[in-house]
Amino acid sequence: MNLEKIMNDLEKKHPGEVEYLQAVREVLESLEEVVNENPQFEAAGIIDRLVEPDRILAFKVPWIDDSGKVQVNLGYRVQFNNAIGPYKGGLRFHPSVNLSILKFLGFEQIFKNSLTTLPMGGGKGGSNFDPKGKSNNEVMRFCQSFMLELWRIIGPETDVPAGDIGVGGREIGFLFGMYKKLTMTHVGVLTGKGTNWGGSLVRPEATGFGAVYFAKEMLATKGESFKGKTVCISGFGNVAWGAAIKVTELGGKVVTISGPDGYIYDPDGISAEKIEYLLELRASNQDIVKPYSYEFPNAQFHQGKRPWEVKCDVALPCATQNELGKEDAANLVKNGCICVAEGANMPSTPEAVEVFLENKILFGPGKAVNAGGVATSGLEMSQNSLKYNWSAQEVDEKLHSIMVNIHAACVKHGKQTDGYVNYVKGANIAGFLKVANAMLDQGIL
Ligand code: NDP
Ligand code: 2IT
């Protein structure tokens, strides 16, 4: 495999799609060896076919705001690969959304979904719509307009979207309502649904819980655990709060959370009660991060800064892509951090990842660490097919065993001769092999 030639060709075809090109390069770097050892992959053009999405739907989303003004946003769905199951992956609503970001997320999703051991292909979608500051009615009208286009290409056996940044239970409800109205079907076409109309218990907290289950396995390889560990978390969205709850349950002390404008450092620890308080603020659409320092006076708000300057044993970046750079990584290592597990998708820049690997600390990439979210979406799809609901305990046990299995697959494919586990390589190879072999079986398509 000629990595530089593949990347040069892709850069020419897709100039400026920096996040997408970054994600492809990171995966292909890990795959060089396994592709060279298996000439059947090259003969069937597996890599050339894998790096381009099957199709992309791009559309406009017109809607009327509360003042009666017409607004127009852009909407997308990237259906990347369905070799091992229907396209599956979240929808992101954030002003920064563009095709490069959705292609990077869709590409990562192929390998992540493969790692879950469940039959799901990779896809992603979203819009540059900003739900922040919008009324419920505005969000509803936007979601309905978005679904008026999207419904044509999704379905429970075709493509099953879910949440991501800016898309939670409320948005999934409005999207599902419109799909149901248009098709006159009540089916598992979306995951993250309300639990009294087809949603799975534990799905809201699954990504954060899964991330901590994975980090727990990583720590165990060094004879360590979360007990007594100081933990830095970024963000305070769906993934971050789930992770904070589980870390606290396991005896760790979470000392930071963050938003786009800065981070909170609470030396007393962000306890279960404090998390409860933050979730109440979040449910009523209020700002979380800054007000925290008014409520809990020992806590400090650091305007415009990231939490990676705080001394910690474990770091869980749970906000967004490229939020942890080379200097942040060097700081974490210098301060004695032994484990970084990515709750977000691609939060560490390539330079930061290099710092972690060079220093041989435990580093878990997003596609393995945060796979518990989509895995539980897969469990939601199973329950919808069965027309049956599992208890919270049943779902949590399945999630836990999936995360343990993903960890084992990463170790199997990522362990170096010196005993160090390169989880980046392990996750990419394990995720790739299943998809590549399925593509071989199914012919050139
Ligand atoms: P949410 O919208 O629930 O939360 C995102 C959080 O990150 C918020 O606290 C937000 O702050 C903060 N944030 C957003 N942009 C920035 C920024 N530029 N700098 C600092 N903080 C920022 O999203 P999720 O928790 O669902 O997603 C977080 C990450 O996890 C994403 O990378 C997503 O792709 C990934 N992920 C999500 C899964 C899921 O099941 N939801 C599954 C697997 C991965 P504020 O609200 O103030 O803007
Ligand atoms: O990045 C992700 O894995 C998600 N946002 C969850 C996707 C899903 O289909 O549950």
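Bear in mind that the values here come from a model prediction, so they are computed numbers and not experimental data.

Asker: Help me out: how do you make sense of the sheet that holds strand E12 (residues 362-364) in this one?
Answerer: Strands belonging to one sheet form pairs held by backbone hydrogen bonds; the direction of such a pair is parallel or antiparallel. Overall, mixed pairing links the seven strands, which are arranged E9-E8-E7-E6-E10-E11-E12 in an open sheet. Where the open sheet ends on each side, the last strands, each with one partner, are strand E9 (300-303) and E12. Here the strands of the sheet are splayed against their neighbours by 15° on average, with no regard to which way each runs.

Asker: In this structure, what is going on with the site of ligand 2? I would like to understand it.
Answerer: Around ligand 2, a shell composed of 13 residues is seen, among which Lys88, Lys112, Asp164, Arg203 and Ser377 lie nearest. Take Arg203: an N or O atom from its side chain is 2.9 Å from an oxygen atom of ligand 2. At 2.5 Å from an oxygen atom of ligand 2 is found a side-chain nitrogen or oxygen belonging to Ser377. Coverage of ligand 2 by the protein chains reaches 94% of its 300 Å² of free accessible surface. The set of elements that each furnish at least two residues to the shell around ligand 2 consists of strand E3 (87-93), helix H5 (99-115) and helix H15 (371-386). Here the shell around ligand 2 gets three residues from one element, more than from any other, and that element is E3. Its residues assigned to classes, the shell around ligand 2 shows two nonpolar, six polar and five charged.

Asker: So what exactly am I meant to see when it comes to the packing of aromatic side chains here?
Answerer: Geometry of an aromatic ring pair is reported as the spacing of the ring centres plus the angle between the planes. Tallied over the full model, the rule gives 17 aromatic pairs. Judged by centre distance (5.4 Å) and plane angle (70°), the ring pair of Phe93 and Phe146 falls under edge-to-face. Taken as a pair, Phe93 in strand E3 and Phe146 in helix H6 (residues 136-150) lie far apart in primary sequence, 53 residues in all. Comparing Phe93 with Phe146 shows no difference in burial state: the two are buried. Considering the side-chain rings of Phe209 and Tyr213, the 6.4 Å spacing of their centres and the 65° angle between planes classify their relative orientation as edge-to-face. With Phe209 and Tyr213 both in helix H8 (residues 203-220) and four residues apart, the pair spans about one turn of that helix. Ring pairing ties together the aromatic residues Phe59, Trp63, Phe93, Phe129, Phe142 and Phe146, which thus form one cluster. A cation over an aromatic ring shows up here: Lys134 above the ring of Phe129, its NZ or CZ 5.3 Å from the ring centre. For Lys274, the ring lying beneath its charged end belongs to Phe296, and the centroid distance is 5.1 Å.

Here is what the cut-offs are and how they apply
- Sequence order as written defines the numbering, with residues in each chain counted from 1.
- Going through the entries in the order they are written, you letter the chains from A and number the ligands from 1.
- The predicted origin of the model limits local features to residues at a pLDDT of at least 70 and limits the giving and counting of side-chain atom pairs to 80 or more, whereas totals for whole chains, interfaces and linings rest on all residues.
- Excluded from the side-chain calculations are hydrogens and water; all other atoms, namely the structure's heavy atoms, are used.
- In this scheme, strands are said to pair when DSSP sees at least two bridges between them.
- For the purposes of this entry, the term helix denotes a DSSP run of H or I that reaches at least four residues, the term strand denotes a run of E that reaches at least two, and both are numbered from the N terminus.
- Every axis in this analysis is a line fitted to C-alpha atoms, fitted for helices over the stretch in contact. Angles between the N-to-C directions lie between 0 and 180 degrees.
- Note on definitions. A residue lies near a molecule or strand when any single heavy atom of the residue is within 4 Å of it.
- Distance and chemistry together define a polar contact, namely a pair of N or O atoms within 3.5 Å, with one atom able to donate a hydrogen and the other to accept it when in protein, and with adjacent residues in sequence counting only for side-chain atoms on both sides.
- Using the Shrake-Rupley algorithm and a 1.4 Å probe, accessible areas are obtained, with residue cover drawn only from the displayed protein chains.
- Under the convention adopted here, Pro, Cys and the residues Ala, Val, Leu, Ile, Met, Phe, Trp and Tyr are nonpolar, Asp, Glu, Lys and Arg are charged, and Gly plus all remaining residues are polar.
- Pairs were defined over the aromatic rings of Phe, Tyr and Trp, the Trp ring being its six-membered one, requiring ring centres within 6.5 Å. Orientation was assigned from the angle between planes: stacked under 30 degrees, edge-to-face over 60, tilted for the rest.
- Each residue is assigned to one of three classes by its accessible area relative to the maximum for its type, calculated with a 1.4 Å probe on protein chains only: buried under 20%, partly exposed between the two thresholds, exposed over 50%.
- The criterion for a charge sitting over a ring is simple: Lys NZ or Arg CZ within 6 Å of the ring centre, and within 35 degrees of the ring normal.

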